[in-house]
Structures are given as C-alpha cells and as structure tokens.
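Examination of the molecular architecture
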Amino acid sequence: MYAAFPLWVLVTDYVLGAVMWTLVGRFGMGLFLPEDSHFFFMRFFVHVTNPILRVFAPVTPGFLIPPMVPLFVAWFFFMVRFYLMPWLLGYSVMGMLSFPLESEIGQSVARLVGMLVN
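What comes next concerns the included structure.

Rules of the game
- Residues numbered from 1 in each chain as written.
- Predicted model: local features only at pLDDT ≥ 70, side-chain atom pairs only at ≥ 80, totals over all residues.
- Heavy atoms only, no water.
- Salt bridge = Lys/Arg side-chain N within 4 Å of Asp/Glu carboxyl O.
- Helix = DSSP H or I, 4+ residues; strand = E, 2+ residues; numbered from the N terminus.
- Polar contact = N/O pair within 3.5 Å; in protein donor to acceptor, adjacent residues only side chain to side chain.
- Contact = heavy atoms within 4.5 Å.
- Phe/Tyr/Trp six-rings, centres within 6.5 Å; stacked < 30°, edge-to-face > 60°.
- Buried < 20%, exposed > 50% of the residue type's maximum accessible area, 1.4 Å probe, protein only.
- Patch = residues over 30% accessible without salt bridge, like charges linked within 9 Å, V, L, I, M, F, W, Y side chains within 5 Å.
- Areas by Shrake-Rupley, 256 points an atom, 1.4 Å probe, with all protein chains shown as cover.
- Axes fitted to C-alpha atoms, helices over the stretch in contact; angles between N-to-C directions.
- Parallel < 35°, antiparallel > 145°, perpendicular 65-115°, else oblique.
- Nonpolar A, V, L, I, M, F, W, Y, C, P; charged D, E, K, R; others polar.

**Considering the pattern of salt bridges**
For the structure shown, the criterion picks out two salt bridges. Between R81 and D13 there is a salt bridge; the shortest N-O distance is 2.9 Å. On the criterion of sequence distance, the pair formed by R81 in helix α3 (residues 69-88) and D13 in helix α1 (residues 7-30) is long-range, its members being 68 residues apart. The shortest N-O distance in the salt bridge between R26 and E35 comes to 2.9 Å.

**Let's talk about the side chain of T60**
Mapped onto the elements of the fold, T60 is located in the loop between α2 (40-56) and α3. Engagement of the side chain of T60 in a polar contact is seen with the backbone oxygen of F56, the distance being 2.7 Å. Ignoring any residue separated from it by four or fewer positions in sequence, one finds T60 in contact with V69, F72 and V73.

**Brief notes about the packing of aromatic side chains**
Taken as a whole and judged by the stated rule, the model has nine aromatic pairs. Geometrically, the ring pair formed by F40 and F41 is edge-to-face, given 5.3 Å between the ring centres and 70 degrees between the ring planes. Residue F41 is classed as partly exposed on the basis of its relative accessible area, which comes to 45%. One aromatic cluster is present, built from ring pairs that chain together F56, F72, W75, F76 and F77.

**Some details on a nonpolar patch on the surface**
On the surface, F39, F40, F41, F44 and V48 cluster together into a nonpolar patch covering about 470 Å² of accessible area. Its location among the elements puts F41 in helix α2.

**Remarks on the packing of α2 against α3**
Closest axis-to-axis distance for the α2/α3 pair is 10 Å, and the angle between their directions is 75 degrees. The orientation of α2 relative to α3 falls into the category roughly perpendicular. Facing I52, L53 and F56 of α2, the residues of α3 in contact are V69, P70, V73, F76 and F77. Looking at the contact of α2 with α3 residue by residue, the classes come out as eight nonpolar, no polar and no charged.

So, to be careful, I would describe these as geometric facts and stop short of saying anything about function.
Quick look at the structure:
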C-alpha cells in the first residue's frame, strides 16, 4: 500500500511513531504507577524515554505536572508526523502520508479479526 513512498520515509515515520507511542505509554503507565516502580514495563518506558525528555526539557513548560511531560513531548512527534513530513514531501493535503505505522497495524488487526470471525 505504501510502495509509492521511499523506504527512508517509512522508516522515519515508523521510528517517530514508535517514539511517540512509547511516550504515550509512559504517560498512561504514569497515571497508575510511580516513576520508580519495579514493574518491568514502567522501568522500560522510563529508561527509554528519559533521554528524549531531557532533550525536550528546554521547551517543556515549567507549569506542567511531571506525569504530563511525556504526553507533551509526544505531541511534538505527532505534529512532525502529521504536518511536517507531508509538507516536506510536497503534499498539499495533510494526511497523504499520515500515520503509515498505525494504518499498517490497523490493517493487520482487521485481517486477524477477519480470520477469527470466519
């Protein structure tokens, strides 16, 4: 389906998407667990996202409560994926390239559900 896009575009989107969803995952886990939790997934999210949060610290508003910071940084990745990448690739309509990662996951889930229903 995405054969028209160069490989570097898809790889870039997949990497940005993985970072974005990891930050969203950390925010979600942070609603229920403390940052220093011993739960494996929370330790993973904290370990992977701390360097990203440090990079974005200069543009992170000081009034945000700490659990909201990963969601704020994820918003930057969303904006790059949804607006900047299509614009840089010359598309006049936003959404032409939007979210190949999520589209592929959605199609895989639909195929899986279709197999389970039949």
